[in-house]
Amino acid sequence: MSTLTLLALTGLGLGALYFLIASGLSLIFGLMDVLNFAHGAFLTAGAYAAWWADGHLPFYLAVAFGVAVGAAIAAVVETALIRGLYARPREQILVTVGLGLAIPALIQGVWGADARTVTPPKALAGTVGLLGARVPTDRFVLLAAALAVFAGLKVFLAKTRYGLVVRAGVEDRAMVTALGIDVRKAFTLVFAIGGALAGLAGALGGVYFGSVSPGQGTSLLIFAFVVVVIGGLGSTDGVALAAIAVGLIQQFTNYYAASGLGDLAVVVMLALVLLVRGNPVLDRVAASVGAAVKSSVGRAA
Amino acid sequence: MILELDDVRVTLGGSQILQGVSFPVAPTGVTALLGRNGVGKTTTVKAILGLVPRTGTIRFHGEGLHRLRTHEIVRRGIGYAPEDRGVFAKLTVTENLALAERRGAQHAYDLVYELFPELKTRGAQPAGTLSGGQQQMVAIGRTLLNDNRLLVIDEPTKGLAPKVVTEVAEVLERAAERVPMLLVEQNLALVKRLAGDGVVLAAGQVVHRGPVSELLADAELTRELLGVGQARGVGQTLGVGRTLGVGQTVGVGQTRRERSDTSSHPAPSRGTTDPRSIVKDRQPPKEVSAPESTRSDAP
Ligand SMILES: Nc1ncnc2c1ncn2[C@@H]1O[C@H](COP(=O)(O)OP(=O)(O)OP(=O)(O)O)[C@@H](O)[C@H]1O
Ligand SMILES: [Mg+2]
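Regarding the overall build of chain B
Then, in step 1: Regarding its fold elements, chain B presents 15 helices and 10 strands.
Then, in step 2: Evaluated residue by residue, chain B yields a buried proportion of 54% over its 299 residues.
Then, in step 3: For chain B, the proportion of contacts with a sequence separation of at least 24, taken over those separated by at least 6, is 70%.
Then, in step 4: For chain B, the exposed surface amounts to about 12,600 Å²; the carbon and sulfur share of it is 49%.

Re the site of ligand 1
Residues and elements named next belong to chain B.
Then, in step 1: With respect to spatial proximity, 13 residues lie near ligand 1, and among them Gly38, Lys41, Thr42, Thr43 and Glu83 are the closest.
Then, in step 2: Within the side chain of Gln186, one N or O atom sits 2.8 Å away from an oxygen atom of ligand 1.
Then, in step 3: In the complex, the protein chains occlude 61% of the 640 Å² of accessible area that ligand 1 would expose alone.
Then, in step 4: For the shell around ligand 1, the element with the highest residue contribution is helix 1 (residues 41-49), accounting for 3 residues.
Then, in step 5: Grouping the constituent residues of the shell around ligand 1 by class yields 3 nonpolar, 6 polar and 4 charged.

So, the sheet that holds strand 3 (residues 30-34) of chain B
Residues and elements named next belong to chain B.
Then, in step 1: Ordered by their spatial adjacency, 6 strands build an open sheet running 6-7-8-3-9-10, and the pairing between neighbours is mixed. Each having just a single partner strand, strand 6 (78-81) and strand 10 (205-211) make up the two edges of the open sheet. Taken over all neighbouring pairs, the strand axes of this sheet differ in orientation by 15° on average, direction set aside.
Then, in step 2: Across 4 bridges, strand 3 lies against strand 8 (residues 181-184) in parallel orientation. When the bridges of strand 8 are listed, Val30 appears paired with Met181.
Then, in step 3: This element, helix 6 (residues 132-145), spans strand 6 and strand 7 (150-154) of the sheet and lies at about 175° to strand 6.

Looking at empty space enclosed by the protein
Residues and elements named next belong to chain A.
Then, in step 1: Applying the stated criterion across every chain, the model contains 3 cavities of 30 Å³ or more.
Then, in step 2: By volume, the largest cavity amounts to about 70 Å³.
Then, in step 3: If you trace the largest cavity, you find it lined by Ala47, Ala50, Trp51, Asp54, Phe59, Ala62, Val63, Val118, Ala203, Gly206, Val207 and Val212.
Then, in step 4: Sorting the residues of the lining of the largest cavity by element identifies helix 2 (39-54), helix 3 (59-82) and helix 9 (183-209) as the ones contributing at least two each.
Then, in step 5: Looking at the lining of the largest cavity, the element that brings in the most residues is helix 2, giving 4 residues.

Observations regarding the pattern of salt bridges
Then, in step 1: Evaluated as defined, the whole model comprises 12 salt bridges over all chains.
Then, in step 2: Notably, a salt bridge pairs Lys154 of chain A with Asp237 of chain A, separated by 2.6 Å at the nearest N-O pair. Residue Lys154 of chain A is found in helix 6 (residues 137-159), and its partner Asp237 of chain A is found in helix 11 (residues 236-256); the two are separated by 83 residues along the sequence.
Then, in step 3: Given a relative accessible area of 35%, Lys154 of chain A falls into the partly exposed group.
Then, in step 4: Glu220 of chain B is the salt-bridge partner of Arg223 of chain B, the closest N and O atoms lying 4.0 Å from each other. With Arg223 of chain B and Glu220 of chain B both in helix 10 (residues 219-226) and 3 residues apart, the pair spans about one turn of that helix.
Then, in step 5: For Arg223 of chain B, a relative accessible area of 42% gives the class partly exposed.
Then, in step 6: Glu220 of chain B sits in the exposed class, given a relative accessible area of 57%.

A look at helix 7 (residues 162-178) of chain B
Side chains of residues three or four places apart in an α-helix project in the same direction, reflecting 3.6 residues per turn.
Residue and element names in this part refer to chain B.
Then, in step 1: Taking 1.5 Å of rise per residue, 17 residues should cover 24 Å, and helix 7 covers 25 Å from first to last C-alpha, within 8% of that figure.
Then, in step 2: Summarising burial for helix 7: 12 of the 17 residues are buried, a large majority.
Then, in step 3: Among the residues making up helix 7, those that are buried are Val165, Thr166, Val168, Ala169, Glu170, Val171, Leu172, Glu173, Arg174, Ala175, Ala176 and Glu177.

The rules behind these values
Residues numbered from 1 in each chain as written. Chains lettered and ligands numbered in written order. Predicted model: local features only at pLDDT ≥ 70, side-chain atom pairs only at ≥ 80, totals over all residues. Heavy atoms only, no water. Helix = DSSP H or I, 4+ residues; strand = E, 2+ residues; numbered from the N terminus. Buried < 20%, exposed > 50% of the residue type's maximum accessible area, 1.4 Å probe, protein only. Contact = heavy atoms within 4.5 Å. Areas by Shrake-Rupley, 256 points an atom, 1.4 Å probe, with all protein chains shown as cover. Near = heavy atom within 4 Å. Polar contact = N/O pair within 3.5 Å; in protein donor to acceptor, adjacent residues only side chain to side chain. Nonpolar A, V, L, I, M, F, W, Y, C, P; charged D, E, K, R; others polar. Pairing = 2+ DSSP bridges. Axes fitted to C-alpha atoms, helices over the stretch in contact; angles between N-to-C directions. 1 Å grid on protein atoms, 1.4 Å probe; cavity = no way out; pocket = protein on both sides within 12 Å on 5 of 7 lines; lining within 4 Å. Points joined across faces, edges and corners; volume = space filled by probe spheres on them. Salt bridge = Lys/Arg side-chain N within 4 Å of Asp/Glu carboxyl O. Expected span 1.5 Å × (residues − 1).

That's the geometry; what it means functionally is another story.
In structure tokens form, the structure reads like this:
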């Protein structure tokens, strides 16, 4: 029983991380059709920012700094690099993939390739007794953060003018502009929100994993993409459920089957979901990638 | 002229869709943009709104629209109801309308809800679950919410039942009394009833301009330009025209103004500032179901 509890909460913690990454990805892709391969790099940047600031600031401020860095990088990337490329999917993919490689490389250049240990504050270092298990406190912090973000996103989307613009933009961007709305402001905002959430995932992920490393964000990003495909575009509920499912399945398979099989289990789960349900997200991804390929072929010809 | 197109060209997917389109839109009343399927009417409208890349000049109240982005063009005072209605299916009716609210303007909800009471009662319904006619009302409602200086309406009656066409026509007629309109429409009875000037496109070029009444009075010319009289006319296939003929409801060959002058019903007051007067002066509905239509996508 205690093992089950520990596994479940560890899986949920992982799911919470996935949710923080995937909710931003899903909004960005849903609204802008941008497959943001740089999202993992935003996470890594946030993780290192929080790790660096942790030496100088109280922990919660260090986390806030990580969030701010994630948001700032995302906003700058959107305005300076992605904005000019909305009609050019091929270049877009090249740019985000490039950033996804360059930012971790830069970090590696400054702080080295080795993982840096994160020392959590005393309040988070301990464990909490639950159903006979000693569960590390950071799991609960991650879960609480993910729940707060979930609620915050729902309120943002349902109750605010920008949320309305984002939901409408996910359906039909051109029509939003044809109503006199500058949809690009919403683009920048959504990118910044996604970056902030990635930064938060990085800062809290450092505590969860006990360390930060340059490749951390990229390896998490793969699973976040799976979560988005399973969960749906711009659907906060769907992404949350998918994140929980992926986190739990991965954790339980790693423990009960063999370490490493968890990743495979996630892939199998993805395949099953796609087989049973078909997938509008994937169709849209395929269309977007297809357009990119076509534009390359067109240019080569 | 409130809107003036000069040598507008659009290339899409490698083919030149508009090959130098030039025409003015009259400062009052309805200017009809006509032509057979696929001649570039929708593309022209999209070019005006900056929804497709274009060359040439487009002036709105003398201001060149070329360097402006779509939302900036719309904020100059253009209300746009696109061909496919452009409602956001997952958003509620109320949210669809709220999205169209532009800052700094008064929002004429009174007017919209009086013209379309259903939009109020169905406010919480996702717009995707509305009927085609109701969706069109959302689309037109959104254009009337703001204080626009021009309405651009693309095929508002496409795919609607005759009774709904009549309702939409009434609303358009009342809207046109306050705001000039560029109307793409293939229902010629409706065009006859609403439009003063007409512009006919063929293969991405303007092939005819002039009063709609004159064009439609000339059966030969109408057939040549708009393809009416071919076996695909709606009237022939639906048999609607026999009971609701154009000639019986709208004097053929008369212009809109002559008609309201000689009408037995009191003409709605013009130039009024009270949005409600549009509703108050409601005339008995005139049937405008098309016996003649150039629409070839009809069943
Ligand atoms: N994105 C595009 N790529 C290539 N061709 C296009 C594109 N959009 C439109 N066209 C073509 O441009 C032509 C004009 O289309 P448009 O929609 O403007 O016609 P229309 O006059 O509005 O027709 P309808 O009466 O059927 O609405 C058509 O032949 C259409 O196939
Ligand atoms: Mg059209």
